[in-house]
2 protein chains.
Amino acid sequence: MRIAVVAPSCPLKREAAERVQGIVAGRGDCELLVHPQCFLSEGHFAGPDKARLAALREVMADETIDAVWFARGGYGSNRIAEAALSDMPAAALAKQYMGYSDAGFLLAGLHKAGGRATWGPMPQDAVRQNGDAAINRALDWLVKADRSSLEPDLRPPAMAFNLTVLNNLLGTSLEPDFAGVELLIEDVSEHLYRIDRTMFHLTASANIRRVSRIRLGRIADVPENDPEFGSDEVAIVEDWCHRSGIPYGGRADIGHDAENRVVPFRI
Amino acid sequence: MRIAVVAPSCPLKREAAERVQGIVAGRGDCELLVHPQCFLSEGHFAGPDKARLAALREVMADETIDAVWFARGGYGSNRIAEAALSDMPAAALAKQYMGYSDAGFLLAGLHKAGGRATWGPMPQDAVRQNGDAAINRALDWLVKADRSSLEPDLRPPAMAFNLTVLNNLLGTSLEPDFAGVELLIEDVSEHLYRIDRTMFHLTASANIRRVSRIRLGRIADVPENDPEFGSDEVAIVEDWCHRSGIPYGGRADIGHDAENRVVPFRI
């Protein structure tokens, strides 16, 4: 099993790459090819659009690569997603892709194009507390399709997205068909009024209204509201589900943390 | 000329209401009816949804009111907009509505429903430095249709929106027809990576791609990016206009400040 790491958004920390290579060496069941593009830096991004696109296209087309693992989130994969997904060779459709957060732009587009997109931990998570568990959970799925890595209550077909990323891909060429899909959402560092506004936008979508249910992952590091918003994330999501006729399915075990579980869009 | 003030989003400061009443008394050309709902407070909002909706519906239906002036932005008008705009009486369509920022949800829906929506300063702006000028600019337009209040380079039909608010009303029942419209955008307190992401989403819309051009108002109080984003707001907007085939028309004199000019959606 050969796994390539590229960074379509922000640069990967060298320390994280080294920790992941250490874990991989200890496991002995896969080979990790960290593309040098992961360490490029230009402003906010892991190198210019052209370099991030070229690295991604390169590993997508490589027949010797079994899986592409997005190095980390941040912001920027949307800037190259449409170009990355045009004229995909057969090798690109055969392999699995894993990531979360900003990588959701690519996961959405890959799934729409017929590819194998999976929500799950990323190499940068290695530097979180208990990051080793996150890395092994991701590798257990990629290498062995170990079902203990999965979010425990999935009713496939399922998809998982960062709420703000999903909000920003609705109406774009990356938007997949949500009919019958169990939709898991999570977010980080967003005020509750923003979560409320995003849920308004999300649940107004006719496509989103076709999901089988919405389940709520963790809403982490919420900045303080002055005055207090007056509601919490569960009440907010339940309210907009109720208003739009979408079944609310309770909490989900995903989030911007080391406990984040795996959600394959195709299973 | 009788102007009613209601607060569909956040509460109006008493100090601002008093300053505006002072300005109105000095002018002697209009009467200002500040609805008591403006001073309600429940969590983030100027009272519960029901109270904000009732006050808005009340002044919309009142035949003795010539204009409805939204007290301030913040967040929350989207929560009542669809209900406010259903079954509108003739009196509601006859009068003018003015506001900006979060009030854009209502302006969009009012315009779509055939109403007279206008971007312009709000009563809460009275407490800004040079706030009196903003208040008089708004009143000069509402009372006398004084063209010196207008954004100086408008090519009607024109609309103006806070970029983040516009992003969150695309795909909802509030989204108006943008064909042939000059679109002015501005934003405040958003990281440049968010402006970039929002422009990606905005310019992917087929409806938005029918605008005659996009002009960029002020992007104010941008939080620091670490590392620096690597681009500025003009380059970002030009980039996404270029990618999506939308003409970029240069800067516009609107923003979250006392210099904010008036943009009537129908003229």
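Note that the coordinates shown come from a computational prediction; the quantities given were computed from them, not determined experimentally. (Residues numbered from 1 in each chain as written. Chains lettered and ligands numbered in written order. Predicted model: local features only at pLDDT ≥ 70, side-chain atom pairs only at ≥ 80, totals over all residues. Heavy atoms only, no water.)

Visitor: Got a minute to help me understand the overall build of chain A in this structure?
Guide: Tallying secondary structure elements over chain A gives nine helices and ten strands in all. By the compact-globule yardstick of 18 Å for 267 residues, chain A fits well, its C-alpha radius of gyration being 18 Å. If one aligns the C-alpha atoms of chain A with their principal axes, the spans along those axes are about 50 × 40 × 40 Å. The 267 residues of chain A split such that 60% are buried. Contacts spanning at least 24 positions in sequence make up 79% of the contacts within chain A whose residues lie at least 6 apart. Per element, the accessible surface of chain A, about 9,800 Å² overall, is 47% carbon and sulfur. Seen as two clouds, the 29 positive and the 37 negative side-chain charges of chain A have centres 4 Å apart. (Helix = DSSP H or I, 4+ residues; strand = E, 2+ residues; numbered from the N terminus. Rg over C-alpha atoms; globule rule 2.2 N^0.38 Å. Buried < 20%, exposed > 50% of the residue type's maximum accessible area, 1.4 Å probe, protein only. Contact = heavy atoms within 4.5 Å. Areas by Shrake-Rupley, 256 points an atom, 1.4 Å probe, with all protein chains shown as cover. Lys, Arg positive; Asp, Glu negative; His and termini not counted. Charge placed at Lys NZ, Arg CZ, Asp CG, Glu CD.)

Visitor: When you look at the relation of the copies chain A and chain B in this model, what are you seeing that I'm missing?
Guide: Both copies of the chain are placed relative to one another by a rotation about an axis and a shift along it. Under the fitted operation, chain A is carried onto chain B by 0.0 Å of movement along the axis and a turn of 180°, and the coordinates agree to an RMSD of 0.0 Å. One copy is carried onto the other by what is essentially a two-fold rotation axis. Within chain A, the C-alpha atom positioned nearest to the axis of rotation is that of A:Gly171, 3.7 Å from it. Both copies present the same face, since 100% of the interface residues in chain A are matched by interface residues at the equivalent positions in chain B. (Least-squares fit on C-alpha atoms with pLDDT ≥ 70 in both.)

Visitor: Any chance you could explain the sheet that holds strand 5 (residues 116-119) of chain A here in plain terms?
Guide: The strands that make up a sheet are held in pairs by hydrogen bonds between backbone atoms, and each pair lies either parallel or antiparallel. Residues and elements named next belong to chain A. Ordered by their spatial adjacency, six strands build an open sheet running 2-1-3-4-5-10, and the pairing between neighbours is mixed. The strands lining the two open edges of the sheet, one partner per strand, are strand 2 (31-34) and strand 10 (263-264). Of the strands in this sheet, strand 3 (67-70), strand 4 (96-99) and strand 5 touch helix 5 (residues 104-112), which is tilted by about 150° from strand 5. (Pairing = 2+ DSSP bridges. Axes fitted to C-alpha atoms, helices over the stretch in contact; angles between N-to-C directions.)

Visitor: What am I meant to see in the interface of chain A and chain B here?
Guide: Interfaces are often sized by the amount of accessible area the parts lose when they come together. Taken residue by residue, the interface counts 34 residues in chain A and 34 residues in chain B. In this assembly, chain A and chain B are joined by eight salt bridges. Salt-bridge contacts for B:Asp49 lead to A:Arg243; the nearest nitrogen and oxygen are separated by 3.0 Å. Scanning the region where chain A abuts chain B turns up 26 residue pairs in polar contact (both at pLDDT 80 or more). Listed by contribution, the elements that provide at least two residues to the side of chain A that touches chain B are helix 3 (78-84), helix 7 (163-169), helix 8 (192-203) and helix 9 (233-244) of chain A. For the side of chain A that touches chain B, the element with the highest residue contribution is helix 8 of chain A, accounting for seven residues. In terms of residue class, the side of chain A that touches chain B is built from twelve nonpolar, 13 polar and nine charged. (Salt bridge = Lys/Arg side-chain N within 4 Å of Asp/Glu carboxyl O. Polar contact = N/O pair within 3.5 Å; in protein donor to acceptor, adjacent residues only side chain to side chain. Nonpolar A, V, L, I, M, F, W, Y, C, P; charged D, E, K, R; others polar.)

Visitor: I keep staring at the pairing of strand 8 (residues 213-220) of chain B and nothing clicks. Help me out?
Guide: Strand residues, when the strand is regular, have side chains that alternate between the two faces of the sheet. Residues and elements named next belong to chain B. Along strand 8, six of the eight residues are buried, which leaves the element largely enclosed by surrounding structure. Note on the crossover from strand 7 (residues 182-188) through helix 8 (residues 192-203) to strand 8: the handedness is right-handed. Taken together, the two bridges between strand 8 and strand 9 (residues 248-251) define a ladder with parallel strand orientation. Its bridge partner being in strand 9, Leu216 is matched across the sheet by Arg251. (Right-handed = clockwise from strand over helix to strand, strands pointing away.)

Visitor: I would appreciate a short explanation of the packing of helix 8 of chain A against helix 9 of chain A in the present structure.
Guide: For any two helices packed against each other, one specifies the inter-axial angle together with the distance between the axes. Residues and elements named next belong to chain A. Viewed as axis vectors pointing N to C, helix 8 and helix 9 meet at an angle of 20°, and their least axial separation amounts to 10 Å. By the criterion of interaxial angle, the relationship of helix 8 to helix 9 is roughly parallel. Seen along the crossing, helix 8 lies across helix 9 with a hand that is right-handed. The residues of helix 9 that touch helix 8, namely those facing Leu192, Ile195, Asp196, Met199, Phe200 and Thr203, are Glu233, Ile236, Val237, Trp240 and Ser244. Tallied by class, residues from the contact of helix 8 with helix 9 come to seven nonpolar, two polar and two charged. (Parallel < 35°, antiparallel > 145°, perpendicular 65-115°, else oblique. Left-handed = near helix turned anticlockwise from the far one by under 90°.)

Visitor: In this structure, what is going on with the pattern of salt bridges? I would like to understand it.
Guide: Any two side chains of opposite charge can pair, on the condition that their charged atoms come close. One pass over the structure, following the stated rule, counts 40 salt bridges over all chains. Here B:Asp253 ties to B:Arg261 by a salt bridge, and the two come within 3.2 Å at their closest N and O atoms. Overlapping salt bridges bring together A:Asp49, A:Arg52, A:Arg79, B:Asp196, B:Asp239 and B:Arg243 as one network.

Visitor: Looking at this structure, I do not really get the nonpolar core. What am I missing?
Guide: When a protein is soluble and globular, its nonpolar side chains tend to lie buried together. Judged by nonpolar contacts, the single largest core of 130 residues is most densely connected at A:Phe70, A:Leu166, A:Phe178, B:Phe70, B:Leu166 and B:Phe178. Apart from residues lying up to four places away in sequence, B:Phe178 is in contact with B:Met159, B:Phe161, B:Leu166, B:Leu170, B:Leu183, B:Asn207, B:Ile208, B:Arg210 and B:Val211. (Core = buried A, V, L, I, M, F, W, Y, C linked by side-chain atoms within 4.5 Å.)

Visitor: Just checking my understanding: could you explain unusual backbone geometry for this structure?
Guide: Excluding glycine, residues mostly carry a negative phi; peptide bonds, for their part, are mostly trans. Residue and element names in this part refer to chain A. With an omega of 0°, the peptide bond running from Pro156 to Pro157 counts as cis. Mapped onto the secondary structure, Pro157 falls in the loop between helix 6 (131-144) and strand 6 (158-162). In this structure, the amide linkage connecting Asp226 to the following residue, Pro227, adopts the cis form with an omega of 0°. Positionally, Pro227 belongs in the loop between strand 8 (213-220) and helix 9. Phi at Asp87 takes a positive value of approximately 50°, unusual for a residue other than glycine. For Asp87, the location among the structural elements is in the loop between helix 3 and helix 4 (90-94). Note on Asp87: relative accessible area 71%, which makes it exposed.

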